[in-house]
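Each chain, written out:
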Amino acid sequence: MTDAAELRRRTQELLAAHPPASTDRLDFLRARFDAGLAWVHYPEGLGGLGAPRSLQVVVDAELEAAGAPDNDPRRIGIGLGMAAPTILKYGTEEQKQRFLRPLWTGEEVWCQLFSEPGAGSDLAALGTRAVREGDTWVVNGQKVWTSSAHLARWAILIARTDPDVPKHAGITYFLCDMTDPGVEVRPLRQITGEAEFNEVFLTDVRIPDSRRLGEVGDGWRVAQTTLNNERVAIGGMRLPREGGMIGPVAKTWRDRPELRTHDLHQRLLKLWVDAEVSRFTAERLRQQLVAGQPGPEGAGMKLAFARLNQEISGLEVELRGEEGLLYDDWTMRRPEQVDFTGRDAGYRYLRSKGNSIEGGTSEVLLNIVAERVLGLPAEPRTDKDVAWKDLAR
């Protein structure tokens, strides 16, 4: 299935059988998945047709022109961008059949239980334990910075299953039901006033071995698939010209000539060009994905995303002068998604501070680019052959 004309024909058949104007939104999304038009590069029966990834735009354009509903990708981004490709690569056939369809339609929201209070940048040092009891794993520990945990039905979880081996070797990857007994979600209020993040406490949570993803002790390798896809999802999103953070600043510049200065003009021009370079680089990265799984190049895109957002939002606050010091609403809320462009300049400025932390800190990503992209010598590691239980904590 590599022909664009054939994909258009199948899309028109879907629209004829399920007219968007008269079909329930969820029913349409289910029908689209079953027709193989959800993500065309996935295998048949799993929302795809085994077609090249590059042909997804053909389907999307036809559906958009017809006014068809989408699956609200911003709300379910963790499932789409992180859980799905990992399940596809490492999941059993039963796991793929069970999870991919409701994940794509948005019926089941996902979150990520990776970072911990003592294991963020050094993720492999995580201490959440999973102990096997027959066909069940009993999990105890704490996770933090968990986006959408208050909405999620499922979570991708990594836990330590063998403390007697070096830290990267004793980790296993699980799919955790967030409604299970022992899972407690607490909000983490951020500098924006909202609590889109959470901390999650796991107390004697029992996970069947059938929800293990990959082999026991192979969780770090499985997690790399998740993390590589996460960086591409964050830093490599498709944007139109002046999409993202640069758009509101450019609009303010055009609409408010009284705010302009020569210095601000020079800085805006530089950031506008940087945003365009980043946008085209992200497009090139997405094209490279046609050949296989994302690699360490996604770390560079995530780095650029964080730097640009912080610099652009800082310029916007300066451009607006006294208005830039205002803030629209400090109400404690639990949002379903991050809305950078739907709020004011103050929100964008504060929220962008988290961009250099979430999805991998900029310091860690710089190391990845240095070692895996540029081929520079790796930093010395004194803990490489030390069992996790013997590490200083």
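Here's what I pulled together on the structure shown here. (Residues numbered from 1 in each chain as written. Predicted model: local features only at pLDDT ≥ 70, side-chain atom pairs only at ≥ 80, totals over all residues. Heavy atoms only, no water.)

Positive phi values are uncommon outside glycine, yet D72 reaches one of about 55°. Examined against the element boundaries, D72 turns out to sit in the loop between helix 3 (56-65) and helix 4 (77-90). Given a relative accessible area of 27%, D72 falls into the partly exposed group. Of note in the backbone geometry, S148 takes a positive phi value of approximately 65° without being a glycine. (Helix = DSSP H or I, 4+ residues; strand = E, 2+ residues; numbered from the N terminus. Buried < 20%, exposed > 50% of the residue type's maximum accessible area, 1.4 Å probe, protein only.)

Next up on the list: the pattern of salt bridges. Under the counting rule described, the total for this entry stands at 43 salt bridges. Across the salt bridge formed by K270 and D274, the nearest N and O atoms sit 2.9 Å from each other. Remark: D274 and K270 occur in helix 8 (residues 262-288); sequence separation between them is four residues, near one turn of the helix. Classification of D274 as buried rests on a relative accessible area of 19%. Here the residues in one salt-bridge network are R256, E258, E316, R320, E323 and R348, joined through shared partners. (Salt bridge = Lys/Arg side-chain N within 4 Å of Asp/Glu carboxyl O.)

Moving on: the side chain of S313. As for its position among the elements, S313 is in helix 9 (residues 297-320). For S313, the side chain forms a polar contact with the side chain of S352, separated by 3.0 Å. Not counting chain neighbours up to four residues away, the residues in contact with S313 comprise M245, R348, Y349 and S352. (Polar contact = N/O pair within 3.5 Å; in protein donor to acceptor, adjacent residues only side chain to side chain. Contact = heavy atoms within 4.5 Å.)

Within the structure shown, the criterion is met by nine aromatic pairs. Each ring, one from W39 and one from Y42, has its centre 4.2 Å from the other, and the planes form 25°; the classification is stacked. You can call Y42 buried: its relative accessible area is 4%. Through pairs of rings, three or more aromatic residues link up here, namely F99, W110 and W154. Over the ring of F201 we find R186; its NZ or CZ atom is 4.0 Å from the centre of that ring. Directly above the ring of F280 sits R279, whose terminal nitrogen or CZ lies 4.7 Å from the centroid. (Phe/Tyr/Trp six-rings, centres within 6.5 Å; stacked < 30°, edge-to-face > 60°. Lys NZ or Arg CZ within 6 Å of the ring centre and 35° of its normal.)

Right, let's get into the nonpolar core. Grouped together as the largest cluster of nonpolar side chains are 55 residues, with contacts concentrated most on W39, W110, Y173 and M178. If you tally residues by element for this core, the top one is helix 4, at seven residues. With residues up to four places along the chain from it excluded, the contact list for Y173 reads T86, F114, I156, L157, I158, R212, L213, G219, V222, A223 and T226. (Core = buried A, V, L, I, M, F, W, Y, C linked by side-chain atoms within 4.5 Å.)

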